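The lines below spell out each chain.
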Amino acid sequence: MNSLPDSRPAATPQRFDLYGPIHKALRLAMNDAVRQLGRADPEDAGELHAALAQAEGLLALARSHLEHENRFVHPQLEARVVGSCAALGTEHAEHVEAIEALHDQIDDLRAAPAAERAQRMHLLYRRMAVFCAESQLHMEREESEHTTALWRACSDEELLGLDRRIQAQLPPAEMQAWLRWIAGSAPVPFLAAMLTDMRGALPPQALDPVIGLVRSELDERRWRRLCARLCLAPDAVALPG
Ligand SMILES: [Fe+2]
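For clarity, every value in this text was computed on a predicted model and none was experimentally measured. (Residues numbered from 1 in each chain as written. Predicted model: local features only at pLDDT ≥ 70, side-chain atom pairs only at ≥ 80, totals over all residues. Heavy atoms only, no water.)

A. Here's a closer look at helix α8 (residues 204–216). With 13 residues, α8 extends 18 Å between its outermost C-alpha atoms, agreeing within 8% with the 18 Å of an ideal straight helix rising 1.5 Å per residue. Here α8 has its buried residues at L207, V210, I211, G212, L213, V214 and R215. Looking at the packing, one finds that the buried side of α8 touches α6 (172–185), α7 (188–201) and α9 (220–230). (Helix = DSSP H or I, 4+ residues; strand = E, 2+ residues; numbered from the N terminus. Expected span 1.5 Å × (residues − 1). Buried < 20%, exposed > 50% of the residue type's maximum accessible area, 1.4 Å probe, protein only. Contact = heavy atoms within 4.5 Å.)

Written as C-alpha cells, this is what we have:
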C-alpha cells in the first residue's frame, strides 16, 4: 500500500482539494473515538481499554496530520504569502498541548483505582469531545479560508505534489489507519477511484489486503456498489483475518 488517490475528481473543473478527503477521515475518527469513550463501561475492562486504545490511536493520527501540515503545507504557502499560516500554526501548537494533556489523562485513568474510573472516564469523554470540536472548527477554517489561499498561491500540480510527498513518507501502519477511516467516510465513487489508482501501482497480493480492509468498513450495499465499479465479484476478496 503506497498511495492514496488524488483528491481531485476526474473530469471536473474543480481545483485539487488537499484537505477534503483526509479531513473527512479525521472527523469520522474523532466522532467515533468520542462515541466509544462515551459508551464504554468503566467496570468492563475490555470495553474500557479498547476505548482508551482507540482514543490514543486518534490522538496519534491527529498529531501526525497537523505535523504534515506544518512540515509540508505551511512552508509552501508561507514562501508565497508571508504570514498566511501564522494563525493556523498557533492553533496547531495549542492542539499539540491538548493532545499531550489528553495522553496524560488517559495514563492517569489507567493507573487510577477502580472506584475512580467512572468519574475519570466521563471527564476524559468531555475533554476529548472539546478537543474534537475545536479541531473540527480549525479544519473548517482550513477547508474554507486556507484552501482559498492555497488555490490562489499554488497550482493544482503543486498541491498534488504536496499530497504525494505527504503520502510517500507515511509508515505502513499509519497508512492502514487512514485507509480505514477513509473507507468509512468517503463516497463509493471516491473509493473506487482510489482503488483503481492502486490497481495500477500494486501487485494483486499487495492490493487484495487493501481492498479487504476497505471492505471491512463498508456495509453490504456499499460493498456491492464498489464491486460493481471495480468489476469485482463481491466474494472475490476476503475480509481481514
Ligand atoms: Fe491543521
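On we go.
B. Examining the nonpolar core more closely. Core analysis: the largest hydrophobic core is formed by 58 residues, its most contacted members being M128, F131, L191, L195, V214 and L226. Take this core: its biggest share by element is nine residues, from helix α2 (residues 45–78). Setting aside chain neighbours within four positions, we find L226 in contact with V188, L191, A192, L195, V214 and L218. Membership of the second largest hydrophobic core comes to 14 residues, among which are F72, C85, A153 and L159. (Core = buried A, V, L, I, M, F, W, Y, C linked by side-chain atoms within 4.5 Å.)

C. Quick look at the coordination of the iron ion. Around the iron ion, the protein contributes the donor atoms E69 (OE), H92 (NE2), H138 (NE2) and E142 (OE), at 1.9 to 2.3 Å from the metal centre. Relative to the metal, the four donor atoms surrounding the iron ion lie at angles of 82 to 167°, and the coordination shape comes out irregular. E69 gets classed as buried once you look at its relative accessible area, which sits at 3%. (Donors = N, O, S within 2.8 Å, 3.2 Å for Na, K, Ca; no water. Tetrahedral: all angles 85-135°; square planar, octahedral: opposite > 155°, others 65-115°.)

D. Examining α2 more closely. Between its first and last C-alpha, α2 extends 48 Å over 34 residues, near the 50 Å set by a 1.5 Å rise per residue. At N70, α2 shows its strongest bend, of approximately 35°. Here α2 starts with a cap whose side-chain oxygen sits 3.0 Å from the backbone nitrogen of G46, and that cap is D44. (Bend = angle between axes of the 7 residues up to and from the residue. Polar contact = N/O pair within 3.5 Å; in protein donor to acceptor, adjacent residues only side chain to side chain.)

E. Here's a closer look at the packing of aromatic side chains. Enumeration according to the criterion identifies zero aromatic pairs in this entry. Over the aromatic face of W181 sits the side chain of R180, whose NZ or CZ is 4.3 Å from the ring centroid. (Phe/Tyr/Trp six-rings, centres within 6.5 Å; stacked < 30°, edge-to-face > 60°. Lys NZ or Arg CZ within 6 Å of the ring centre and 35° of its normal.)

F. How the structure looks around the pattern of salt bridges. Throughout the structure, instances matching the rule amount to 12 salt bridges. Among the charged side chains, a network of salt bridges with common partners joins R63, E67 and E100. (Salt bridge = Lys/Arg side-chain N within 4 Å of Asp/Glu carboxyl O.)

G. Geometry of the environment of E158. Assignment of secondary structure puts E158 in helix α5 (residues 156–168). Separated by 53 residues in sequence, E158 and Q105 place their C-alpha atoms 40 Å apart. The residues contacting E158, other than those within four sequence positions of it, are Q76, R80 and A153. At 2.8 Å, the side chain of E158 and the side chain of R80 are in polar contact.

H. Seen up close, the side chain of S135. Position of S135 relative to the elements: it lies in helix α4 (residues 117–153). On the accessibility criterion, S135 (5% relative accessible area) is buried. With sequence-adjacent residues up to four places away left out, S135 is seen in contact with M30 and H95.

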